Amino acid sequence: MFDTLQEKLEGTFRTLGSKGRLTEADVESALREIRLALLEADVNFKVVKTFVATVKERLEGAEVHKALDAPQQIIKIVNEELVSLMGTGQSPLTFSQRGPTIILMAGLQGSGKTTTTAKLAKLLKEQDGKTPALVACDVYRPAAIEQLKTVGAQVGVPVYDQGDGVDPVKIAEWGVKEATANGADVIIVDTAGRLDIDEKLMAELVAIKKAIKPHNVLLVLDAMTGQEAVSVATRFDESVSFDGVILTKLDGDARGGAALSVKSVTGKPIKFVALGEQLDALEYFHPDRMASRILGMGDVLTLIEKAEQAFEEDEAADMEARLKKGQFTFDDFLKQMKMMRRMGSFKGILALLPGIPKEIRDIDIDEKQIARIEAIVLSMTKEERGNPDLIDHQRRRRIADGSGHDIAAVNQLIKQFDQMRKMMKMMMKGGGKLPPGFGGDDGAGGIQLPNGMQLPGGLGKR
Ligand SMILES: Nc1nc2c(ncn2[C@@H]2O[C@H](COP(=O)(O)OP(=O)(O)O)[C@@H](O)[C@H]2O)c(=O)[nH]1
Ligand SMILES: [Mg+2]
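Cut-offs and rules
Residues numbered from 1 in each chain as written. Chains lettered and ligands numbered in written order. Predicted model: local features only at pLDDT ≥ 70, side-chain atom pairs only at ≥ 80, totals over all residues. Heavy atoms only, no water. Helix = DSSP H or I, 4+ residues; strand = E, 2+ residues; numbered from the N terminus. Buried < 20%, exposed > 50% of the residue type's maximum accessible area, 1.4 Å probe, protein only. Contact = heavy atoms within 4.5 Å. Areas by Shrake-Rupley, 256 points an atom, 1.4 Å probe, with all protein chains shown as cover. Near = heavy atom within 4 Å. Polar contact = N/O pair within 3.5 Å; in protein donor to acceptor, adjacent residues only side chain to side chain. 1 Å grid on protein atoms, 1.4 Å probe; cavity = no way out; pocket = protein on both sides within 12 Å on 5 of 7 lines; lining within 4 Å. Sits in = over half its atoms within 2 Å of the grid points. Nonpolar A, V, L, I, M, F, W, Y, C, P; charged D, E, K, R; others polar. Axes fitted to C-alpha atoms, helices over the stretch in contact; angles between N-to-C directions. Parallel < 35°, antiparallel > 145°, perpendicular 65-115°, else oblique. Left-handed = near helix turned anticlockwise from the far one by under 90°. Phe/Tyr/Trp six-rings, centres within 6.5 Å; stacked < 30°, edge-to-face > 60°. Lys NZ or Arg CZ within 6 Å of the ring centre and 35° of its normal. Pairing = 2+ DSSP bridges. Salt bridge = Lys/Arg side-chain N within 4 Å of Asp/Glu carboxyl O. pLDDT = per-residue confidence, 0-100. Right-handed = clockwise from strand over helix to strand, strands pointing away. Points joined across faces, edges and corners; volume = space filled by probe spheres on them. Expected span 1.5 Å × (residues − 1). Arc of directions from axis to C-beta.

**Regarding the overall build of the chain**
Then step 1. A tally of helices and strands in the chain yields 20 helices and 8 strands.
Then step 2. Expressed as a percentage of the 462 residues in the chain, the buried residues total 53%.
Then step 3. Taking the contacts inside the chain whose residues are at least 6 apart along the sequence as the reference set, 72% of them involve residues at least 24 apart.
Then step 4. By element, 50% of the accessible surface of the chain is carried by carbon and sulfur atoms, the whole surface being about 20400 Å².

Written out as structure tokens, the structure is:
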């Protein structure tokens, strides 16, 4: 996610960080690079213009080029401005005071409405203790109703449908009534999308909206379409005013233009982001955490939340204690793989951590691989598990034979372990703290950036 933008900005900050004292020209050139990076990320040009002007103004006001830690102040200001570009905080859903909360999903075909409808139900059920129900109003696309029923069943939420021979407005009204009678406290209505906005679709949405009076109209936008998503939002808002955005497919969005522009251009906040096809890949959107990710500082807070959901407390505490003593063994490695597996996709987790080397980012793990790692680790002696340097060729051979894997698999595991150990060391350096399960207690502040700089005070904390 946002790799291109991240790389560009990181490069700019690295250049700045390598200078002892910043001249006015240094600052000018940094601003120019930030401007270019944002434009290349497909951020709306008016948004970029205002953004750079604001950063510049703040820099001049703070007279940072006279200060010693100018590069860090620039990062701090850019960070704060990125946050304010995307909103002032998490923008919550409106929950009904009496009766069920009704959510109407809108968006173009293929934007991810149906998938997101199920993801949202799952999130509200698991994180907010709600009892959601879904209503299938896409009567145009073949198999659309079946699709919603399938994903609804996967997340364990009832789906109300009347087939595709009924007027969607009638289905919506009926579905809301039925679901309410059956005890749902959140009702999410999935609607049809077209390949592009057309009059009929808009008229139908307006009619559904009028009929069921939703507490939230959420526009689902495909992040990968960049500025196109922003213009879709503008056009939707002219016909069917909406309350907030769910930005999907961020996992495939290297640029970030939609995420950074949509709030400024339409005035409507992003409420949720979807980061994958799996039904648990939906998150509340936090502008500050997103800014951290964009600046390559990771998103330690989200990581901590995920960790808290996945880890047993004493398990994590135990691991922490050993890591603090500088003991990172193969047993820990195996345990960590298992813990991370419970948190979701490995790649998704690494994206939340600051300063991960590319070799580690590229490791992908699944259950089969965990079983393999386990077999290999179990074939090691206690000494070998604590000290990989001990494991020479002969020992590798023995471990390979003992575990029923070839020596290449053993070599690869040892290499990955070494990299992981180095990463742990790097992250513990400079008083850096790690999230639970990774060896830290609160994960706030003191994080070492890949370019060797330390996160300015308070930046990692909120
Ligand atoms: N990679 C990725 N794919 C997604 C995401 N959300 C939806 N999709 C995929 O996008 C496609 C269209 O989704 P669907 O829910 O049918 O869109 P709809 O036409 O708006 O209802 C499906 O293949 C989904 O699996 C996401 O966050 N990441
Ligand atoms: Mg659909």
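Okay, back to it.
**Side note on the site of ligand 1**
Then step 1. As a structural note, the neighbourhood of ligand 1 is formed by 17 residues, with Gly 110, Lys 113, Thr 115, Arg 141 and Glu 277 the closest of them.
Then step 2. The separation between an oxygen atom of ligand 1 and a polar side-chain atom of Thr 115 is 2.4 Å.
Then step 3. One nitrogen or oxygen atom from the main chain of Ala 274 is found 3.4 Å from an oxygen atom belonging to ligand 1.
Then step 4. Within the complex, the protein chains bury 82% of what would otherwise be the 580 Å² of accessible surface of ligand 1.
Then step 5. More than half of the atoms belonging to ligand 1 lie within 2 Å of the grid points that define the second largest pocket.
Then step 6. Among the elements that take part in the shell around ligand 1, helix α5 (residues 113-128) stands out by supplying 4 residues, more than any other.
Then step 7. Of the residues belonging to the shell around ligand 1, the class tally is 3 nonpolar, 8 polar and 6 charged.

**Notes on the environment of Ala 106**
Then step 1. Locating Ala 106 in the fold gives a position in strand β1 (residues 101-107).
Then step 2. Given the relative accessible area of 2%, Ala 106 is considered buried.
Then step 3. For the pair Ala 106 and Val 189, spaced 83 residues apart in sequence, the C-alpha to C-alpha distance is 8.9 Å.

**Things to note about the packing of helix α7 (residues 168-181) against helix α8 (residues 199-212)**
Then step 1. One way to put it is that α7 packs onto α8 with a least axis distance of 9 Å and a crossing angle of 25 degrees. Considering their axes alone, α7 and α8 lie roughly parallel with respect to each other. Considering the relative orientation of α7 and α8, their crossing is right-handed. Taken together, the residues of α8 that come into contact with α7 (itself represented by Pro 168, Val 169, Ala 172, Glu 173 and Val 176) are Glu 204, Ala 207, Ile 208, Ala 211 and Ile 212.

**Things to note about the packing of aromatic side chains**
Then step 1. Using the criterion set out here, one finds 3 aromatic pairs in the structure.
Then step 2. Plain terms: the ring middles of Tyr 160 and Trp 174 are 6.2 Å apart, the flat faces sit at 70 degrees to each other, and that makes the pair edge-to-face. Of the two residues, Tyr 160 sits in strand β3 (residues 159-160) while Trp 174 sits in helix α7, which places them 14 residues apart along the sequence.
Then step 3. Classification of Tyr 160 by relative accessible area gives buried; the value is 12%.
Then step 4. When the ring centre of Phe 95 is taken as reference, the NZ or CZ atom of Lys 130 above it lies at 4.5 Å.
Then step 5. One Lys or Arg, Lys 268, reaches over the ring of Phe 242 and ends 4.7 Å from the middle of that ring.

**Digging into the sheet that holds strand β4 (residues 186-190)**
Then step 1. Pairing is mixed across the open sheet formed by 8 strands, whose spatial order is β3-β2-β4-β1-β5-β6-β7-β8. Of all the strands in the sheet, the pair left with one neighbour each is β3 and β8 (282-284).
Then step 2. Here β1 runs beside strand β5 (residues 216-222); their pairing, made up of 5 bridges, is parallel. Bridging from a neighbouring strand, Ile 103 pairs with Asn 216 of β5.
Then step 3. Most of the contacts of α7 go to strand β2 (residues 132-136), to which it runs at about 160 degrees, and overall it touches β1, β2, β3 and β4.
Then step 4. Here helix α10 (residues 257-266) sits on the sheet and contacts β5, β6 (244-248) and β7 (270-274); the angle it forms with β6, its principal contact strand, is near 175 degrees.

**As for the pattern of salt bridges**
Then step 1. For the coordinates displayed, the defined rule picks out 15 salt bridges.
Then step 2. The partner of Lys 56 in a salt bridge is Glu 28, with the nearest N and O atoms 3.3 Å apart. Of this pair, Lys 56 sits in helix α3 (residues 45-62) while Glu 28 sits in helix α2 (residues 24-40), and the two are 28 residues apart along the sequence.
Then step 3. When its relative accessible area of 31% is taken as the criterion, Lys 56 is described as partly exposed.
Then step 4. For Glu 28, a relative accessible area of 35% puts it in the partly exposed group.
Then step 5. Sharing partners across several salt bridges, the network here consists of Arg 58, Lys 76, Glu 80 and Glu 81.

**Section: the confidence of the model for the chain**
Then step 1. Scored by pLDDT, the chain has a mean of 82; 77% of the residues are at 70 or more.
Then step 2. Predicted confidence is poor over residues 430-462, with pLDDT under 50, and the contacts of this stretch with residues over four places away or in other chains come to 97 contacts.

**Points about the pairing of β2**
Then step 1. With 5 of 5 residues buried, β2 is to be regarded as a mostly interior element.
Then step 2. The side-chain alternation of β2 yields two buried faces, one formed by Pro 132, Leu 134 and Ala 136 and the other by Ala 133 and Val 135.
Then step 3. Strand direction decides the pairing type here: β2 and β3, joined by 2 bridges, are parallel. Pairing of Val 135 across the sheet is with Tyr 160, part of β3.
Then step 4. Where the polypeptide runs from β2 across helix α6 (residues 144-154) and back to β3, its parallel neighbour, the crossover connection is right-handed.

**Comments concerning the layout of surface pockets**
Any space left empty among the atoms is revealed by the rolling of a water-sized probe across them.
Then step 1. In this structure, the second largest pocket encloses a volume near 290 Å³.
Then step 2. Top contributing element to the lining of the second largest pocket by residue count: α5, with 5 residues.

**A look at helix α1 (residues 3-17)**
Then step 1. In a regular helix each residue adds 1.5 Å, so 15 residues correspond to 21 Å; α1 covers 20 Å between its end C-alpha atoms and thus fits that length.
Then step 2. Buried residues of α1: Leu 5, Gln 6, Leu 9, Glu 10, Thr 12, Phe 13 and Leu 16, and no others. Along the axis of α1, the buried residues cluster in a sector spanning 160 degrees; they form a single face.

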